[in-house]
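# Survey of secondary and tertiary structure
Chain residues, written in single-letter form:
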Amino acid sequence: MKKLHLLFALLTFGLFISCSKDNNNAGDGGSTIQSITITSSTTDAYIGDNIQFTVKGNNNADVSTSAVIYVNTSPLVTNTFMPTTPGTLSVYAVYQVSSTVSLTSPTIQIPVTQGINFNKRVLIEDYTGTWCQYCPRVSYAISQVRLQTSDAVVVAIHRGNDPYNFAAASALETMIALQGYPTGMLNRKTEWSYPENNNVAQPVNLTAGTNPRIGLAMTNSVTNNTANVQVNVKFGKNFSGLKLVVYALEDNLIYNQINATSFYGGVNPIVGFNHKDVLRAFLTTSILGDDITGATTTNGVYSKSFTYTIPAGTQSSNIHFAAFVVDSTGKALNSRDASTNVTQTFEVE
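Anyway, here's the lowdown on the structure attached to this text.

Reading the values: the criteria
- Here the residue index of a chain counts from 1 through its sequence in written order.
- The predicted origin of the model limits local features to residues at a pLDDT of at least 70 and limits the giving and counting of side-chain atom pairs to 80 or more, whereas totals for whole chains, interfaces and linings rest on all residues.
- Where side-chain values are given, they derive from all heavy atoms of the structure, hydrogens and water being excluded.
- We count a stretch as a helix when DSSP gives it H or I for four or more residues in a row; a strand needs E for two or more, and each element gets its number in order from the N terminus.
- The contact criterion used is simple: two residues touch if any of their non-hydrogen atoms lie within 4.5 Å.
- Pairing between strands is defined by DSSP: at least two bridges between the two strands are required.

Looking now at the side chain of Ser335. Position of Ser335 relative to the elements: it lies in strand S23 (residues 332–339). Discounting chain neighbours no more than four positions away, the residues touching Ser335 are Arg121, Val122, Leu123, Val153, Leu216, Ala323 and Phe324.

Written out as structure tokens, the structure reads:
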């Protein structure tokens, strides 16, 4: 009889514990979702932006992929949305807890504006050298890019035992963790796939697709071997954390090029090779870029002036300039080049 009483007591206690746990989940939240909220990757958007939505329960569980998200009462297939017209988006989510219970989030409002699109250019930084036997491969690939697009801004960064060695480029090489020469970098952070001559489409494709919301225009003039350069940057949407980089480049530098490739007739060396777009100076304080200060908001324009002393014996017609804007990761968002004695306007699309 004592054993029966003990067994009954244990069963009763177990049932009490089980019921207590169930009541705790239902009443205090526990792991049961009782409400949901929706947030977006931006509080305001522009046409063509990719907006990502996140739906979370009151227990912080992410249910973005299992909830149904509605934009202006239309359900989305995924948790992302790209607006195509200006206006205000009304966004909410519905999460099905069970076959009979669903939860609806509060509605959030996201204003969408037109913004400004600019012509899209790709920056190609070619880490090279006159001593580098495989570097003609990248030089040839660049020539093929230029046959397909006029929207490539090219910078040849010579290193090593080279008459055009640019020692200050070591900071760039550290940033990209350079492994060797030749190396082609696209928009500063993406490596041009080897062999570059078989992957010409890679940089060309970077001039297509979604247009950037940053535009550049330069005004240059030369007086007594001093180049005065004004760089103007216009913003097609609100930005933060931007830097500006400005280079002085030189063309028509004639010097033999070591060659172990089949390009340029396969001769070694290539006698009297024409080295173009050679980096001679950076005009910004840092080769990694100077902070763009002031308001970087839609329709805003940032301007900065620089001077460059053209070395004695160098023809000003061989000098040109490259300017580009990088984001906080160092990626170039857009770029532009300009010869001397020109006045550019923004390339609004």
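Our next topic: unusual backbone geometry. Note on backbone geometry: most residues besides glycine have negative phi, and most peptide bonds are trans. Following Tyr181, the chain continues to Pro182 via a peptide bond in cis, the omega torsion being 0°. Residue placement: Pro182 occurs in the loop between helix H3 (170–176) and strand S12 (183–186). Of note, the amide linkage connecting Asn268 to Pro269 takes the cis form, showing an omega dihedral of -5°. Among the secondary structure elements, Pro269 is positioned in the loop between strand S17 (253–257) and strand S18 (270–275).

So, on to the sheet that holds strand S1 (residues 36–40). Strand order in this open sheet of three strands is S1-S3-S6, and the pairing throughout is antiparallel. Every interior strand has two partners, whereas the edge strands, S1 and strand S6 (80–81), have only one. For S1 and strand S3 (residues 51–57), the ladder comprises five bridges, and the chain directions are antiparallel. In the strand pairing of S3, Ser40 is matched with Phe53.

Read these as geometric descriptors, not functional statements.
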